Every structure is written in structure tokens, then in C-alpha cells.
Amino acid sequence: MRSTTTTTTTATASPAPSPDALLRKAALRKTPVRVGVLEVLARGRRPMSVPQILGKLKGVDTVTVYRTLNTFVRKRLVHRVRGEDRSWLYAVGGDEQTPPEHLHPHFVCDGCGKVECLGDAEIPHAFVESLGVSAGYNVSYPEVVLHGTCPRCTA
Ligand SMILES: [Zn+2]
Ligand SMILES: [Zn+2]
């Protein structure tokens, strides 16, 4: 099993670095689509589906957006989580040391179906160890999705 010894915490409230800075850090060429996708995700403040992202980008090819998102996930500029209908939702955040899915749990509201990054919550480092997974299963990272009712639906 891979040890999980990171101390990185990323709060969703902290200001996101500019698309330029992110692309430079990931050694990716700057293209209008890449900048556009990063801007849309940063402004979204919540994981977004590909149709939602496409809706905010005018005249951009669907395949290009999928390819861009896959590149961002691979370079860890962006992380993803499954939405209610099992489609991928994308959000900014991640770094080279930590698989982005390991940074924070995600929350799915059973009332309104919204999916959120719980940027202030942290998955404990010993979380996988604490599960007592049988020998022979090589865990890369945990993806924690919490279900319940969001503050808006509880109020
Ligand atoms: Zn809700
Ligand atoms: Zn997230």
C-alpha cells in the first residue's frame, strides 16, 4: 500500500491561482480552451458537469473540452467526483504530491442533488488503514463521498 503522508489542505474559499499560473506550473501550453475551462471551473465554486462547462464556453468543441479536462486531471490541476447520475463532475484543486481525490471529501445532497467540495474537511491520513482492507488489495487513494442534506435544504 502506498503511504499517504501529506499535510496539504486546500480550502475552497481561498482565492484560486490564475489560469496562466496554473498552466505554467503544469508545463502546459496556454490555449484559449484551457484558459476558458479553468476560468469557468474557478468561477463555478462547485464541481461542474461537462454540459455545464460547455454551456459557459461559446463555440467550443465537446471533444476538445473532454480532452482538456482529461489533461487537467492527469496533471492534477483539476479533480473529479461522480454526480448523482454517475456522470463526472470537475472542480479545480489538486497538487503534484496528493491525488486530488484525497484532498477533501465531497458531499452529495439527497434533497437537491448538488455536489460540493468540502474544502474545510480533511480525510484522515490513516483513513484507508483504519478500514482494515484485506491483504492483496493495493489501495491508491480513497474517494470519500458523503450523502445527506445540504445547509440550504436543511434550513
Ligand atoms: Zn440540498
Ligand atoms: Zn472537490
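Residues numbered from 1 in each chain as written. Chains lettered and ligands numbered in written order. Predicted model: local features only at pLDDT ≥ 70, side-chain atom pairs only at ≥ 80, totals over all residues.

(A) Quick peek at the overall build of the protein. For the protein, the helix and strand inventory stands at 6 helices and 6 strands. The linear arrangement of helices and strands in the protein, starting from the amino end, is α-α-β-α-α-β-β-β-β-α-β-α. A sequence separation of at least 24 residues applies to 58% of the contacts in the protein between residues at least 6 apart. (Helix = DSSP H or I, 4+ residues; strand = E, 2+ residues; numbered from the N terminus. Contact = placed C-beta atoms within 7 Å.)

(B) Inspection of unusual backbone geometry at higher detail. One non-glycine residue, Ala27, adopts positive backbone phi at about 55°. Among the structural elements, Ala27 can be located in the loop between helix H1 (19–25) and helix H2 (32–44). A positive phi angle, near 75°, is found at Arg86, a position not held by glycine. By secondary structure assignment, the location of Arg86 is in the loop between strand E2 (78–82) and strand E3 (88–92). We classify Arg86 as exposed; it has 6 C-beta atoms within 10 Å. (Buried ≥ 20, exposed ≤ 12 C-beta atoms within 10 Å, placed from the backbone.)

(C) Structural view of H2. In this model H2 runs 18 Å from its N-terminal to its C-terminal C-alpha over 13 residues, within 8% of the 18 Å that 1.5 Å per residue would give. Along H2, the positions that sit buried rather than exposed are Arg34, Val37, Leu38, Val40 and Leu41. For H2, the buried positions fall inside an angular range of 160° around the axis, keeping them on one side. Summarising the geometry of H2, the exposed residues directed more than 90 degrees from the buried face are Pro32 and Arg43. Looking at the buried side of H2, the elements it contacts are H1, strand E1 (48–49), helix H3 (50–56), helix H4 (62–75), E2 and E3. Looking one or two residues beyond H2, the residue adopting positive phi is Arg45, at roughly 60°. (Expected span 1.5 Å × (residues − 1). Arc of directions from axis to C-beta.)

(D) How the structure looks around the sheet that holds E3. Strand order across the open sheet formed by 3 strands is E1-E3-E2, with antiparallel pairing between neighbours. The open sheet is flanked by E1 and E2, the only strands paired with a single partner. The pairing of E1 with E3 spans 2 bridges and is antiparallel. Counted as the bridge partner of Met48 is Tyr90 from E3. Together, E1, E2 and E3 form the strand contacts of H2, whose direction differs from that of E3 by roughly 90°. (Pairing = 2+ DSSP bridges. Axes fitted to C-alpha atoms, helices over the stretch in contact; angles between N-to-C directions.)

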